[in-house]
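# Survey of secondary and tertiary structure
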Amino acid sequence: MIATLQTEAATHTRAVAIGKGIAIGGDAVVLMVGPCAVEDEAQLRAIAEAMVAHGLRVMRGGAFKPRTSPYAFQGLGLEGLKLLRRIADEYDLLVVTEALGVEHVPLVAEYADVIQIGSRNMQHFPLLWAVGELDKPVLLKRGFMSTVREWLLAAEHIRSRGNERIILCERGIRTFETATRNTLDTNAIALVKATTSFPVIGDPSHATGRADLVIPAARAALAAGADGLLVEVHPHPLQALSDGEQALPLEQLPQLVEAARRIAAALGRTVQ
Ligand code: PEP
Ligand code: MN
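Please read these numbers as outputs of a predicted model, since none were measured by experiment. (Residues numbered from 1 in each chain as written. Chains lettered and ligands numbered in written order. Predicted model: local features only at pLDDT ≥ 70, side-chain atom pairs only at ≥ 80, totals over all residues. Heavy atoms only, no water.)

With that out of the way, let us pick up the pairing of strand β5 (residues 94-98). Judged by how many residues are buried, β5 sits mostly within the fold: five of five residues are covered. Looking at chain direction, strand β4 (residues 58-60) and β5 are connected through three bridges and run parallel. Bridging from a neighbouring strand, M59 pairs with V95 of β5. For β5 and strand β6 (residues 114-117), the ladder comprises three bridges, and the chain directions are parallel. When the bridges of β6 are listed, E98 appears paired with Q116. On the question of chirality, the crossover connecting β5 to the parallel β6 by way of helix α3 (residues 105-111) is right-handed. (Buried < 20%, exposed > 50% of the residue type's maximum accessible area, 1.4 Å probe, protein only. Helix = DSSP H or I, 4+ residues; strand = E, 2+ residues; numbered from the N terminus. Pairing = 2+ DSSP bridges. Right-handed = clockwise from strand over helix to strand, strands pointing away.)

In structure tokens form, the structure reads like this:
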């Protein structure tokens, strides 16, 4: 049991290595892009090719999806994990994917380089303990109705089991505002950077819920100090099986990368 809160041990960011020479929280801001849900090989291949063309190395994609409706597409499950891993290996990419329940942790750990804990699961303590036992980086999304303190304490639940490779992800919170899906809490990004040693990334996709706001919100997250971005992209957003409204069309990936490069450069950072 680690008794010291990271919040009390405020220091500079401690980078988390995720593989292939890539670390979150170092000089480079890391763009993690991919579909909301893994759908098929053609979708992943199109995204992987665009990623390689822009020097991006980390692919996201859900195989087990936490959908609000039980009647919505729930993800391809194991088949999705296998597909993600196969395409990522072919293009020399790293994989970020979600573990939805404790029972999925060993399986997801086998296929993923970074295990994502979703917003709805931020306080699913047995799940936090399970990933806390692993020797694998964990991307901990902020609960959309959780305070920063609750988020950091959730990270402590992981850390208390021995796994210190934690990357926080601000993905927007529910506020009185309904014009956007959520509200990107850039304060939280700045606060976490100022008071903890956890790296933090921003998710402009779930924060806004609108493809046309993804790039501006991505810029805001980076300007606030985010160490990276998690962005949903799709080759055919209108046909996406989940979160199509917020999927950045693949042809806009160059604009995202360029926007990130400009903000990063202003902060003395690079983009990976
Ligand atoms: C996702 O990243 O696809 C996702 C389900 O995100 P969140 O848990 O933030 O809603
Ligand atoms: Mn999504």
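Ligand 1 sits among 13 residues. The nearest are R60, K65, S119, R120 and R171. Here E232 contributes a side-chain N or O atom positioned 3.2 Å from an oxygen atom of ligand 1. Calculation on ligand 1 without its partners gives an accessible area of 300 Å², and the protein chains cover 97% of this total. (Near = heavy atom within 4 Å. Polar contact = N/O pair within 3.5 Å; in protein donor to acceptor, adjacent residues only side chain to side chain. Areas by Shrake-Rupley, 256 points an atom, 1.4 Å probe, with all protein chains shown as cover.)

Grouped burial of nonpolar side chains is what soluble globular proteins tend to show. Judged by nonpolar contacts, the single largest core of 71 residues is most densely connected at V33, L140, L168 and L256. The dominant element in this core, judged by the number of residues it contributes, is helix α9 (residues 253-266), at seven residues. When neighbours within four sequence positions are excluded, L168 is seen to be in contact with L140, W151, L152, A155, V192, F198, P199, V200 and I201. Of all hydrophobic cores here, the second largest spans 15 residues; its members include V16, I24, V58 and L230. (Core = buried A, V, L, I, M, F, W, Y, C linked by side-chain atoms within 4.5 Å. Contact = heavy atoms within 4.5 Å.)

Another aspect to go through is the packing of helix α5 (residues 148-159) against helix α6 (residues 186-195). Geometry of a packed helix pair, given as the angle between the helix axes and the separation of the axes. Contact pair α5 / α6: the axes reach a minimum separation of 11 Å and the direction vectors enclose 50°. Overall, the two elements α5 and α6 adopt an arrangement that is oblique. As α5 runs across α6, the sense of the crossing is right-handed. Where α5 approaches α6, its residues V148, W151 and L152 are matched on the opposing element by A188, L191 and V192. Its residues assigned to classes, the contact of α5 with α6 shows six nonpolar, no polar and no charged. (Axes fitted to C-alpha atoms, helices over the stretch in contact; angles between N-to-C directions. Parallel < 35°, antiparallel > 145°, perpendicular 65-115°, else oblique. Left-handed = near helix turned anticlockwise from the far one by under 90°. Nonpolar A, V, L, I, M, F, W, Y, C, P; charged D, E, K, R; others polar.)

We now examine the pattern of salt bridges. Applying the stated criterion across every chain, the model contains 21 salt bridges. In this structure, D113 and R85 form a salt bridge, with 2.9 Å as the shortest nitrogen-oxygen distance. Note that D113 is positioned in the loop between α3 and β6 and R85 in helix α2 (residues 78-90), a separation of 28 residues in sequence. R85 matches D113 in its accessibility class, with the two residues each being buried. Each of R14, E156, R159 and E164 takes part in salt bridges that share partners, so that together they form one network. (Salt bridge = Lys/Arg side-chain N within 4 Å of Asp/Glu carboxyl O.)

Following both chains from N to C, one finds helix α4 (residues 125-132) and α5 inclined at 45°, their axes separated by 7 Å at the closest point. One element, α4, and the other, α5, form an angle in the oblique class. On α5, the residues touching F125, L128, W129, V131 and G132 of α4 are A154, H157 and I158. Counted by class, the contact of α4 with α5 contains six nonpolar, two polar and no charged residues.

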